[in-house]
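Coordinate inspection notes
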Amino acid sequence: MTLSLKDRALLVKPFYQNSVCAAIALKKFWTLKGLRSGSGPITAFSLKKIIDKFEESGSFEVKCSRGRKAIASTSVDDVTTAMQEASSSALGTCSAREISRTLDMPANMVRKILRNILQCYPFKITHVQELVAADLPKREAFALQFLVRMEVDNA
């Protein structure tokens, strides 16, 4: 359970009034809030941590955590151009590892940019035989045989 700013102030005030004793400050807080002793949302150790943070910063506000670093738009642009250059090469393939090596960027970040921002997902491209005009009669014969088999199976 998190404490509001008002509750934090109610905890710190008796701490300084009662000769800097966390246990007494907690008991006063419990009586002010009408809680049973020992059943409050905070312990003496966590009260001491709140007071240490208050003495450091001078405010009761909770510091925001470091969180995740945002991906810079320049790195997104770099990955986009590298992906286009790699896919326009002779093989026409592009890999996240290859892009990370060329840009000197972590492969994990390149994968996140490709998946989450550019909506590019990995898949495997297979080579298909080229359709040649000389094969047209064979393809037509196969298609007609297949249609005849479907009609026989349906009858």
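Residues numbered from 1 in each chain as written. Predicted model: local features only at pLDDT ≥ 70, side-chain atom pairs only at ≥ 80, totals over all residues. Heavy atoms only, no water.

If you check an unreviewed UniProt entry, the protein chain appears there as DUF4817 domain-containing protein from Araneus ventricosus.

**A word on a positive patch on the surface**
Quick note on the threshold: Patch rule: a residue counts if its relative accessible area is over 30% and it has no salt bridge; like charges are joined within 9 Å, and nonpolar side chains (Val, Leu, Ile, Met, Phe, Trp, Tyr) within 5 Å. Here, Shrake-Rupley sampling with a 1.4 Å probe gives the accessible areas, and only protein chains in the shown set may cover a residue. A carboxyl oxygen of Asp or Glu within 4 Å of a side-chain nitrogen of Lys or Arg is what we treat as a salt bridge. In this tally, Lys and Arg are treated as positive and Asp and Glu as negative; His is ignored, and so are the chain termini. A single reference atom marks each charge: NZ on Lys, CZ on Arg, CG on Asp, CD on Glu. The numbering of helices and of strands both runs from the N terminus, where a helix is a DSSP run of H or I of at least 4 residues and a strand a run of E of at least 2. With a 1.4 Å probe rolled over the protein chains alone, any residue whose accessible area is under 20% of its type maximum counts as buried; one over 50% counts as exposed, and the rest are partly exposed.
A surface patch of like charges, here positive, comprises Arg97, Arg101, Arg111 and Arg115. Counting through the fold element by element, arginine 111 comes out in helix α6 (residues 107–117). Exposure remark for arginine 111: the relative accessible area of 31% places this residue in the partly exposed category.

**Brief notes about helix α3 (residues 44–57)**
Put simply, the rule is: Each residue after the first adds 1.5 Å to the expected span of a helix. The arc refers to the directions leading from the helix axis to the C-beta atoms.
Spanning 14 residues, α3 covers 20 Å between terminal C-alpha atoms, matching the ideal 20 Å at 1.5 Å per step. Of the residues making up α3, those classed as buried are Leu47, Ile50 and Ile51. Around the axis of α3, the buried residues are gathered within 95° of arc, so they sit on the same side. Exposed and facing more than 90 degrees away from the buried side of α3 are Phe45 and Glu56.

**A short note on a nonpolar patch on the surface**
A grouping of Phe142, Leu144, Phe146, Leu147 and Met150 is seen on the molecular surface, where their side chains present a nonpolar patch of about 530 Å² in accessible area. Along the chain, the position of methionine 150 falls in helix α7 (residues 136–154). Given the relative accessible area of 38%, methionine 150 is considered partly exposed.

**Focus on the packing of aromatic side chains**
Where we set the bar: The pairing test for Phe, Tyr and Trp rings, Trp by its six-membered ring, is centres within 6.5 Å, and the orientation test on the planes gives stacked under 30 degrees, edge-to-face over 60, and tilted for anything in between.
Overall, the coordinates contain one aromatic pair when judged by the stated rule. Residues phenylalanine 142 and phenylalanine 146 carry aromatic rings whose centres are separated by 6.4 Å and whose planes lie at 25° to one another, so their mutual orientation is stacked. Residue phenylalanine 142 and its partner phenylalanine 146 are located together in helix α7, separated by four residues, close to a single helical turn. Owing to a relative accessible area of 45%, phenylalanine 146 belongs among the partly exposed residues under this scheme.

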